[in-house]
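One-letter residues, chain by chain:
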Amino acid sequence: MAGRPAAVVVEGACKHYGRKNKPDYKPVLENLDMTVDSGIIYGLLGPSGCGKTTLLSCIVGRRTLNSGNIWVLGGRPGEKGSGVPGPRVGYMPQDIALVGEFTVRDAIYYFGRIYGMKLSRLSERFDFLSSLLELPDGGRFVKSLSGGQQRRVSLAAALVHEPELLILDEPTVGLDPVLRERLENETQKYTRAKCTLIMSPNIGMLRDGQLLAEDSPEEILRRFEVDTLEEAFLQLALRQHQLPRRRSTLMGSPDVIPESRIPAVDSRYQSSESFNMVTGSTEVFTKKQSSIDSNSKSRTKSRYKAVFIKSLQQFARHPGGLIFSILFPIIQVVAFFSAVGHDPKDLNVAVVNDEAAYSPFSPHPVVLALQGVRYNTTEEAKNAVVKGQLYAALYFRYNFSEMLEQRLREGSVDDDVVEGSTVSVWLDMTNHQISYFLKSQFLKAYESFTRRTMRACERNENLVQIPVHFMEPVYGDTKNEMVSYMAPGVMITIIFFLPAIVTSNLLITDRLEGVWERSAVAGVKAKEMLYVHIVLQTAVILLQTLEMTALAYGGYGLYTRGSLITCGILIFLQGISGMCYGFFLSIYCNSYVLAFFVSTGSFYPMILLCGILWPLEAMSTVLRAIALTLPFTIPSKSLRDIMEKGHGITDSSVYTGFIVTLVWIGFMLALCLLRLKLKKS
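Residues numbered from 1 in each chain as written. Predicted model: local features only at pLDDT ≥ 70, side-chain atom pairs only at ≥ 80, totals over all residues. Heavy atoms only, no water.

**Student:** Mind showing me how you'd approach the sheet that holds strand 2 (residues 26-36) here?
**Tutor:** Within a sheet, neighbouring strands are paired by backbone hydrogen bonds and run either parallel or antiparallel to one another. Spatially, three strands are ordered 2-1-4 in an open sheet, and the strand pairing comes out antiparallel. Both outer strands of the open sheet, strand 2 and strand 4 (67-72), are each paired with one neighbouring strand and no more. Neighbour-to-neighbour, the strand axes of the sheet open up by a mean angle of 20°, direction not taken into account. Bridging between strand 1 (residues 8-17) and strand 4 involves five bridges; their strand directions are antiparallel. For Glu11, the partnering residue across the bridge sits in strand 4 and is Asn69. Those strands touched by helix 1 (residues 52-59) are strand 1, strand 2 and strand 4, and its axis lies near 60° from that of strand 2. (Pairing = 2+ DSSP bridges. Helix = DSSP H or I, 4+ residues; strand = E, 2+ residues; numbered from the N terminus. Axes fitted to C-alpha atoms, helices over the stretch in contact; angles between N-to-C directions. Contact = heavy atoms within 4.5 Å.)

**Student:** Got a minute to help me understand a negative patch on the surface in this structure?
**Tutor:** A cluster of acidic residues, Asp343, Glu472, Asp477 and Glu481, forms a negative patch at the surface. Here Glu481 is to be found in the loop between helix 15 (432-456) and helix 16 (482-512). (Patch = residues over 30% accessible without salt bridge, like charges linked within 9 Å, V, L, I, M, F, W, Y side chains within 5 Å. Areas by Shrake-Rupley, 256 points an atom, 1.4 Å probe, with all protein chains shown as cover. Salt bridge = Lys/Arg side-chain N within 4 Å of Asp/Glu carboxyl O. Lys, Arg positive; Asp, Glu negative; His and termini not counted. Charge placed at Lys NZ, Arg CZ, Asp CG, Glu CD.)

**Student:** Where do I start with the pairing of strand 6 (residues 165-168) in this structure?
**Tutor:** As a general feature of sheets, a regular strand has side chains that alternate between the two faces. In strand 6, alternate side chains face the same way, and those of Leu165 and Ile167 on one face and Leu166 and Leu168 on the other are all buried. Looking at chain direction, strand 5 (residues 89-92) and strand 6 are connected through four bridges and run parallel. Within strand 6, the residue paired with Met92 across the bridge is Leu168. (Buried < 20%, exposed > 50% of the residue type's maximum accessible area, 1.4 Å probe, protein only.)

**Student:** How do you make sense of the packing of aromatic side chains when you look at a structure like this?
**Tutor:** Aromatic ring pairs are reported here in terms of the distance separating the ring centres and the angle at which the planes meet. In total, this model carries 16 aromatic pairs according to the counting rule given. Aromatic side chains Phe396 and Phe400 sit 5.4 Å apart centroid to centroid with 85° between the ring planes, which places their arrangement in the edge-to-face category. An aromatic cluster is present here, built from Phe496, Phe497, Tyr581, Phe584, Tyr588, Phe603, Tyr604 and Phe632 joined pairwise through their rings. The ring of Phe111 carries Arg518 above its face, with NZ or CZ at 4.9 Å from the centroid. When the ring centre of Tyr485 is taken as origin, the NZ or CZ atom of Arg640, which lies over that ring, is 4.3 Å away. (Phe/Tyr/Trp six-rings, centres within 6.5 Å; stacked < 30°, edge-to-face > 60°. Lys NZ or Arg CZ within 6 Å of the ring centre and 35° of its normal.)

**Student:** Could you clarify how one ought to interpret the pattern of salt bridges in this entry?
**Tutor:** By the definition in use, this model includes 11 salt bridges. We note a salt bridge from Glu162 to Arg121, for which the minimum N-O separation is 2.6 Å. With Glu162 in the loop between helix 4 (147-159) and strand 6 and Arg121 in helix 3 (residues 119-133), the pair connects residues that are 41 residues apart, well separated along the chain. Under the relative-accessibility criterion, Arg121 is labelled partly exposed at 33%. Among the charged side chains, a salt-bridge network with shared partners connects Arg121, Glu124 and Glu162.

The structure is reproduced here in structure tokens:
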């Protein structure tokens with residue numbers, strides 16, 4: 001291997017989280033030096049929490065060091081054209097990290113597409129790996145495979161593009177012994193011919209971020225005169241604990257690791273060009289890497305294509321999510337229009353009409369849609385209301401008609417005449433909507449009755465009405481239907497929270513199952529994952545918007561004085577805003593449970609404060625200010641103004657809603673990109 005650069009060189013690597021001298025400070029790697037030669041198999045052993053995962057994340061370019069240097073395949077991870085993260089590295093995590101809705105073929109082809117492999121080459125590699133690893137049938141879904149079968153598919157995905165550096169985390173766990181031995185033999189052949197493998201038998205023992213030993217297992221066992229690597233590791237750990245900590249760590253101690261194993265890397269070399277001098281190679285960047293540089297645009301397209309196909313398959317093969325996204329808006333709209341805004345029916349009220357007892361010709365009041373149940377006394381009627389049997393009780397005195405006539409004829413009458421011509425009503429006010437409806441019905445019944453009486457007496461109908469005349473409304477309808485008031489806010493909340501739930505669920509699934517991280521090691525950038533998801537979800541949101549507007553405005557005849565196109569655009573943008581909120585939840589929440597709590601906890605305050613259930617004008621000044629900052633409070637009012645007032649996009653009450661929606665979209669995306677950038681470090 002003369003003339004070939006070391007595959008991995010780590011010099012004085014330090015990585016910590018939090019700030020020094022602060023409670024959250026946590027050192028992970030401390031002045032770590034390590035060299036992995038090209039064309040070898042290298043193992044990294046150590047207990048949980050010793051820094052293995054952090055070190056590997058730095059090697060593949062997913063995390064950055066606080067100080068020190070790392071060179072991988074002759075370049076720095078993350079540098080433009082380095083191919084790390086990217087096609088020069090193959091990575092198999094300990095978790096399966098594959099999409100459950102993928103078939104075996106889809107899983108391997110997904111990573112092949114990321115690396116820009118042609119279909120013919122992909123087919124060849126799939127056939128070879130299927131034979132080598134005894135993979136299940138290519139049409140079987142990953143989620144239906146056993147644990148051992150899934151690990152074989154995961155390994156095949158890491159090998160599909162023949163990487164220069166292969167990083168495997170317990171690749172043979174759960175494999176048949178015969179298959180394991182066969183795989184190890186093939187891996188050794190592959191390593192000698194083409195790449196470096198970080199796995200075993202050469203090993204580095206890591207503890208508390210420090211490399212305690214670096215040699216072959218046989219040499220370590222011989223040196224410490226033990227039977228197992230665990231016993232050797234225990235001796236090293238005890239020795240590390242007893243020796244004083246120095247800036248140079250234990251690496252200089254001959255009892256821990258030979259001085260010859262310390263990588264002689266000068267800290268002056270800060271670039272790929274200077275690193276070439278250290279390794280002794282005449283060419284740091286190989287022809288394969290040069291090809292990566294020249295084909296960066298085509299590889300970008302390949303990554304977009306791979307992620308797009310992956311997201312499409314993942315979404316289309318998840319029937320629950322598909323039904324939820326397509327049918328749920330229809331169900332919500334149908335439920336709203338079917339349940340809200342209709343007049344209550346079958347409302348029985350008690351009627352005590354003493355006048356009827358004295359004259360068979362006395363009036364028998366009929367209260368519009370209400371059904372009167374006769375009672376003999378007011379006490380019986382009120383008891384029926386108390387027991388919940390009836391909603392209200394009405395009482396007509398024995399001389400009601402006579403007193404009413406005298407009151408209308410003379411105008412100025414005694415108090416007993418006023419009292420005799422008054423209808424007494426007892427209401428059950430515990431149900432606000434029904435009691436309000438009853439009040440309005442009683443007033444309408446009285447108005448209708450007195451108008452008929454005035455016409456029969458050839459008198460002015462308005463003589464017995466209250467001295468307030470409501471003219472034709474400037475906006476809206478005299479019927480004052482609740483549906484037309486609530487519909488704008490309801491449609492916006494539906495279109496906002498549906499994409500938020502779907503987006504957060506899909507992305508959290510990818511993160512928790514390791515698909516996002518594994519794709520990132522393969523070279524897929526976070527923004528590429530987001531952009532593809534935006535495109536797919538935008539198409540779904542557009543379909544949901546068309547469903548809702550067609551059903552509401554066409555099917556249920558919801559009336560709008562303004563432009564229906566303007567209404568649709570605002571509803572669509574609110575769906576995009578909800579999708580961005582889903583991005584926010586998926587990136588800032590580490591589990592489904594936390595995302596569920598945050599989404600549910602934010603849903604109800606937004607609903608209560610957005611003005612759908614109760615007007616903003618009834619809130620305190622501070623609470624109203626908070627409500628106006630929510631994502632769909634002002635847009636709901638804007639949509640209502642378009643529908644009820646006929647305002648256009650140039651009206652301030654309308655374009656303010658558009659501005660608020662766009663600001664929320666930009667704000668959420670900015671927070672997401674900032675978080676992704678910080679997490680990388």
